[in-house]
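Remarks on the overall topology
Here is what each chain is made of, one letter per residue.
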Amino acid sequence: MAARYQIAGSSSAEISASVETGIRTGALAPGDALPAVRALAAALAVSPATVAKAYQELRQRGLVATAGRHGTRVRPRPPVATRRAALMPPPLPGARDLSAGQPDSRLLPPLGPHLALLAAEIGAPSGYAATPVLPALAAAARDRLAADGVPAEEITVTGGALDGIERLLAAHLRPGDAVAVEDPGWANLLDLIAALGLRPIGVPVDDEGPSEPGVRAALTAGARALVVTSRAQNPTGAAVSAERAGALRTLLAGRADLLLIEDDHAAELAGVPLHPLAGATPAWAFVRSVSKPYGPDLRLAVLTGDEATVARVAGRARVGAGWVSTVLQRLVLALWQDPATTDLVRRAGESYERRRDGLVAALAALGVAAHGRTGINVWVPVPDETLAVTALRDAGWSVAPGALHRIAAAPGVRITVSSLDEADLAPLAAAVARVVRPAPAGFTA
Ligand SMILES: Cc1ncc(COP(=O)(O)O)c(C=O)c1O
């Protein structure tokens, strides 16, 4: 517990630095409570205002969160590099890890042969003078997006979806601004929003995407940006349906005060058609990562949108990182153009679908409701997350607690199905059913 770590300092800067050190070294773990403002002020012989200022600074940087009477606590994944071991609960020997949200490495295209080809063809270095996006990659991306109904005149490339979203939010919003996000939603996005000093507004999500009343309420509450996951929503597997897309387009039409961001991270794997919102608002962006179909190692996403929005992202990148390595861009282009890779990605999508549908059906047969329309995760509502995660770990299955993904949504656990085999489904479903509907307490005959 937090009480063991001695926070030190006589100014707000020293106090916040001391808390940061505690988090970085693992002495303060995610979820640990910081002392109450008055108690710490008394212990350090400073004014409560000094401690309050330190906590505010830590809050704005996303290291801690304050939840009313529950006080101030270290956030689940604070944005400072922590020794990894401090964040991970000790794995039980032999437990299956279904908590990571990773694609199945056996279903990712092997990069070696393409790297070898690239090595043979790489030619002269392109250097600083070259355009930041390879024209051939931009043309291929445009074609792929247009085939899905996304108008993609302007294209830039970022270091993955989250990098693109960070650049979009940083270019359009200021600390304190509100961002509407799906609830439950992508844990990394919630962490990013906290790290940027923005405020998340949760939008309830069902199997067809973010709910229209939820988006409406977020707009009324002053959201300056809305992030929608097109397909394979993390953690629920939702995919925006044609009907939901129509309703949201009508609701958002002409909203000049809102930045609309779509995250189509499953793309070629999704197995259901895309129903884009692109262009519903004057400021919009559509981000498509290659992480899930082709591998997170590639760290690349294409980003399209209205001219001003794309220009802001590309312009800011130009005065910083510059561009995404053209070597990576070439590699992605080679993967896109390779028929064997296209076939492998298609088979991976079908395989995830079988595992997901298999688990949802096995759970339904035991009377357990679960969500998993698309993607690599299944979301199971549970009465108590801590009990569920612990009991499943004891049964040999490591799953992610919904707390990482939730703002106000009801509790649940996220089960990543990507590594499951057919033979796993029945025992896993039985273990989940036991935690969702535990046997009634009391004596048995
Ligand atoms: C909702 C969502 N978007 C995007 C991504 C991929 O992000 P990146 O391209 O930064 O690897 C993930 C990965 O888990 C995700 O869950």
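What counts and what doesn't
Residues numbered from 1 in each chain as written. Predicted model: local features only at pLDDT ≥ 70, side-chain atom pairs only at ≥ 80, totals over all residues. Heavy atoms only, no water. Buried < 20%, exposed > 50% of the residue type's maximum accessible area, 1.4 Å probe, protein only. Helix = DSSP H or I, 4+ residues; strand = E, 2+ residues; numbered from the N terminus. Pairing = 2+ DSSP bridges. Right-handed = clockwise from strand over helix to strand, strands pointing away. Expected span 1.5 Å × (residues − 1). Contact = heavy atoms within 4.5 Å. Near = heavy atom within 4 Å. Polar contact = N/O pair within 3.5 Å; in protein donor to acceptor, adjacent residues only side chain to side chain. Areas by Shrake-Rupley, 256 points an atom, 1.4 Å probe, with all protein chains shown as cover.

Looking now at the pairing of strand E8 (residues 223-229). Most of E8 is tucked away, with six of its seven residues classed as buried. Here strand E5 (residues 178-183) pairs with E8 via four bridges, running parallel. Along E8, the bridge assignment pairs alanine 178 with alanine 223. In this sheet, strand E9 (residues 259-263) lies alongside E8 in parallel orientation, the contact comprising five bridges. Its bridge partner being in E9, valine 228 is matched across the sheet by glutamate 262. Taken together, E8, helix H10 (residues 242-252) and E9 form a β-α-β motif whose crossover is right-handed.

The next subject is unusual backbone geometry. Residue aspartate 183 is joined to proline 184 through a cis peptide bond whose omega torsion reads 5 degrees. Structurally, the position occupied by proline 184 is in the loop between E5 and helix H8 (187-195). Unlike most non-glycine residues, alanine 45 shows phi in positive territory, near 55 degrees. Among the secondary structure elements, alanine 45 is positioned in the loop between helix H2 (37-44) and helix H3 (48-60). Among the residues examined, alanine 45 registers a relative accessible area of 69% and is labelled exposed. Although it is not a glycine, alanine 232 adopts a positive phi angle of roughly 55 degrees. Topologically, alanine 232 is positioned in the loop between E8 and H10.

As a further point, take the sheet that holds strand E7 (residues 209-210). Taken together, eight strands build an open sheet; the order of strands is E4-E11-E10-E9-E8-E5-E6-E7 and the sheet is mixed. Each edge of the open sheet carries a strand with a single partner, namely strand E4 (154-158) and E7. Relative to strand E10 (residues 283-289), E9 runs parallel, the two sharing five bridges. When the sheet's bridge partners are listed, aspartate 263 is paired in E10 with valine 287.

A few words now on helix H1 (residues 12-25). For H1, spanning 14 residues, the distance from its first C-alpha to its last is 20 Å, which sits close to the expected 20 Å at 1.5 Å a residue. Contact partners of the buried residues in H1: H2, H3 and strand E2 (72-74). In the segment just after H1, glycine 26 is the residue with positive phi, at about 90 degrees.

The subject of this paragraph is the site of the ligand. The local shell around the ligand consists of Gly160, Ala161, Leu162, Trp186, Asn234, Asp263, His265, Ser289, Ser291, Lys292 and Arg299. Interatomic distance of 2.6 Å between a backbone N/O atom of alanine 161 and an oxygen atom of the ligand. Within the side chain of aspartate 263, one N or O atom sits 2.5 Å away from a nitrogen atom of the ligand. Starting from 400 Å² of accessible surface for the ligand in isolation, the protein chains cover 91%. Only helix H7 (161-172) and helix H11 (291-294) provide two or more residues apiece to the shell around the ligand.

Read these as layout, nothing more, since geometry by itself doesn't imply function.
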